[in-house]
Every structure is written in C-alpha cells, then in structure tokens.
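Structure assessment
Each chain, written out:
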Amino acid sequence: MSVRSILYRGPSMLDGRPIVVTFYTGTKNRKVGAGPSLSILPDAPTYREAFKAAPSVCGGCAFLGSMHPTGEKRQQGGCYSWALSMPIASQLKAIAAGRYVEGEAGWVLAEAHLRAHAPRIIRVATVGDSAAVPRWVWDRLRAACPDGTIPQNYSHQWRRPDAQHLRTWTMASVETEEDASKAQAMGWRTFRARLQDAPTTDAEKVCTHEAEKLTCSACRSCDGDGLAPSIVSTVHGNNATAS
C-alpha cells in the first residue's frame with residue numbers, strides 16, 4: 001500500500017511564506033533506488049505559482065533559475081528537480097484534492113511504513129531544502145527511522161547559523177572548491193557539483209553511482225556523518241552549469 005502523508009504545513013524557516021512537506025512511497029528513481037521520498041514545496045495550487053514561490057523552499061540556490069517576468073514561461077537554471085514540472089504539478093494537485101493524509105494521522109502512517117519496511121534510505125528531498133523546515137520535523141523523522149535506515153539529504157543553506165543542526169546528517173551542497181573548503185572547515189561533509197572531467201581534491205571522492213553505477217540505496221555514503229570523504233558528482237540537470 002502506498003503512503004501519502006503531509007508531515008508539515010506552515011511557514012518556511014527561510015522567508016515565512018507557506019510551505020508543505022510531503023512523505024510518499026511507490027516512486028522509482030534509477031540513481032537513488034528503492035525507498036520513500038519527501039518533497040518540500042511552496043503551499044501553492046499550481047506548478048507556476050509554486051515555482052514563483054520557490055525561494056521559500058530553495059533559498060538562493062544558484063541552480064534555481066527564474067520565472068520569466070511576463071509569467072508566460074520559465075528561464076531554466078541547472079536544477080533537475082524543478083525542471084520536472086509534471087511530478088510537482090501532480091503532487092500539488094493531489095494535495096489540493098485531499099489525497100494526502102495530514103496532521104498526526106499523516107505522521108502515524110509514515111512512521112508505520114518505516115517500521116514495517118525499514119528502507120535503507122529516505123530521499124530528503126526530491127525538491128526543496130531541508131533548512132526551510134522546522135527542526136522538530138527532522139528530529140521526529142530521524143527518531144522514526146529503524147536501525148539501518150538513513151535520511152539522504154543535501155542543503156545549499158549550510159552557511160546559515162540556524163541550519164547548523166542539519167550538519168550531522170546532511171551533506172552541504174556546493175559548486176566550487178572554495179565553498180567546499182569553507183563548508184568542510186565548518187564541520188560539514190560536502191557534495192560538490194563539478195563540470196565534466198574537472199578534478200577532485202584530496203578530501204573528495206567521485207560519487208559511486210557515477211564511478212561504479214551503484215544506487216544511492218546501495219552506497220549510502222551521503223549521510224553527512226563521520227570522517228568519510230566528501231563527494232563529487234558531474235552536474236546532470238538540464239542546462240547544467242557550475243562555476
């Protein structure tokens with residue numbers, strides 16, 4: 001049985017505008033492998049309105065892109081999440097139609113699924129940044145994870161003082177060696193997007209999906225914790241760029 005839950009609905013920790021956090025099962029991703037996913041979305045009725053409000057969940061991510069001033073079309077950045085408009089639009093439509101279980105009942109369903117299936121990873125998040133979400137949500141989600149289940153998470157908001165609680169289980173998303181060094185000096189492990197054939201540093205290794213075709217579920221290196229090397233991956237979004 002697939003699970004569709006809303007774990008949080010309220011103000012963004014980035015700008016105070018309304019957002020929604022969903023937990024869902026039954027999706028497939030060739031790179032990630034099996035496991036439930038979360039999305040962090042603007043609480044908006046349509047994809048267009050959600051993308052206009054994307055800074056509420058993505059902050060100032062360099063890959064975000066922008067809505068054309070006329071509102072008629074988008075100027076695509078390097079983000080692969082927002083490039084896939086149909087999954088986001090479908091989620092927003094299902095939320096508006098009441099097909100996600102909300103409140104404590106939604107949490108009960110999500111927690112029961114984790115206990116019953118003990119997935120190797122939880123994908124946090126298919127879209128959005130975890131720094132937009134109150135800490136208690138992540139504390140409760142992590143507490144619900146059985147032994148052997150890890151949330152896989154990345155954040156571009158690693159500079160923010162109020163995002164440092166994410167550091168023990170989250171990878172800092174960076175695009176340059178300079179930012180990687182800064183984040184690592186702050187205690188983060190990093191996930192750096194690089195252009196094709198760009199070098200790695202001594203503190204990094206190439207993503208095992210890229211190097212060995214392992215899924216994230218099989219690898220599980222992106223847990224933010226420990227002294228393992230940071231990760232480098234060749235950018236793979238539409239119109240992908242790095243500088």
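Presented here is a report on the structure given in the accompanying data block. Note that the coordinates shown come from a computational prediction; the quantities given were computed from them, not determined experimentally. (Residues numbered from 1 in each chain as written. Predicted model: local features only at pLDDT ≥ 70, side-chain atom pairs only at ≥ 80, totals over all residues. Heavy atoms only, no water.)

**With respect to the pattern of salt bridges**
Under the criterion given, the structure shown has twelve salt bridges. Note that Arg9 and Glu102 form a salt bridge whose closest N and O atoms lie 3.1 Å from each other. Of this pair, Arg9 sits in strand E1 (residues 4-11) while Glu102 is found in the loop between helix H4 (85-96) and helix H5 (104-117), placing the two residues 93 residues apart along the sequence. Overall, Glu102 belongs to the partly exposed group, its relative accessible area being 40%. Between Arg135 and Asp139 there is a salt bridge; the shortest N-O distance is 3.6 Å. One end of the pair, Arg135, and the other, Asp139, are both in helix H6 (residues 135-144), four residues apart, so they sit about a helical turn from each other. According to the relative accessible area criterion, Arg135 is partly exposed, its value standing at 48%. Taken together, the shared-partner salt bridges connect Arg9, Asp43 and Glu102 into one network. (Salt bridge = Lys/Arg side-chain N within 4 Å of Asp/Glu carboxyl O. Helix = DSSP H or I, 4+ residues; strand = E, 2+ residues; numbered from the N terminus. Buried < 20%, exposed > 50% of the residue type's maximum accessible area, 1.4 Å probe, protein only.)

**Topic: the environment of Val232**
By the secondary structure assignment, Val232 is in strand E11 (residues 230-234). Exposure remark for Val232: the relative accessible area of 0% places this residue in the buried category. Residues Val232 and Lys205, spaced 27 residues apart in sequence, show a C-alpha to C-alpha distance of 6.0 Å. With residues up to four places along the chain from it excluded, the contact list for Val232 reads Arg192, Arg194, Thr200, Glu204, Lys205, Val206, Cys207 and Glu210. (Contact = heavy atoms within 4.5 Å.)

**What about the side chain of Ser37?**
Take Ser37: it is sitting in strand E3 (residues 37-42). In this view, Ser37 contacts Thr22, Phe23, Tyr24, Thr27, Arg123 and Thr126; residues no more than four positions away in its chain are not counted.

**Some words on the state of the cysteines**
The tally for this structure, following the rule as stated, stands at zero disulfides. Its sulfur unpaired, Cys79 is 6.2 Å from the next cysteine sulfur, which belongs to Cys58. Here Cys222 stays free of any disulfide, with the sulfur of Cys207 as its closest cysteine sulfur at 6.5 Å. (Disulfide = S-S within 2.5 Å.)

**Details of the packing of aromatic side chains**
In this structure the tally under the stated criterion is seven aromatic pairs. Between Tyr8 and Trp136, the ring centres sit 6.2 Å apart and the planes meet at 75°, which makes this aromatic pair edge-to-face. Highlighted residues: Tyr8 in strand E1 and Trp136 in helix H6, separated in sequence by 128 residues. Members of the aromatic cluster, joined through ring pairs, are Tyr8, Trp107 and Trp136. (Phe/Tyr/Trp six-rings, centres within 6.5 Å; stacked < 30°, edge-to-face > 60°.)

**Observations concerning helix H7 (residues 177-185)**
For H7, the set of buried residues is Asp179, Ala180 and Ala183. All buried residues of H7 lie within an arc of 105° about the axis, which places them on one face of the element. Along H7, exposed side chains directed more than 90 degrees from the buried face belong to Glu178 and Ala185. Buried residues along H7 sit in contact with strand E8 (171-174), strand E9 (190-194) and strand E10 (204-206). At the C-terminal side of H7, Gly187 shows a positive phi close to 100°. (Arc of directions from axis to C-beta.)

**Observations regarding a nonpolar patch on the surface**
On the surface, Met1, Val101 and Leu109 cluster together into a nonpolar patch covering about 310 Å² of accessible area. Checked against the element boundaries, Met1 lands in the segment before E1. Residue classification places Met1 among the exposed positions, given a relative accessible area of 87%. (Patch = residues over 30% accessible without salt bridge, like charges linked within 9 Å, V, L, I, M, F, W, Y side chains within 5 Å. Areas by Shrake-Rupley, 256 points an atom, 1.4 Å probe, with all protein chains shown as cover.)

**Examining the sheet that holds strand E7 (residues 150-155)**
Across the sheet, which stays open at both edges, the nine strands sit in the order E1-E2-E3-E6-E7-E8-E9-E11-E10 with mixed pairing between neighbours. The open sheet terminates on both sides in strands that have one partner only, identified here as E1 and E10. Between one strand axis and the next, the sheet turns through 25° on average, direction left out of account. Both strand E2 (residues 18-24) and E3 contribute to a ladder of six bridges, which runs antiparallel. Bridge pairing in E3 places Phe23 opposite Leu38. Contacting E1, E2 and E3, H4 runs over the sheet at an angle of about 80° to E3. (Pairing = 2+ DSSP bridges. Axes fitted to C-alpha atoms, helices over the stretch in contact; angles between N-to-C directions.)

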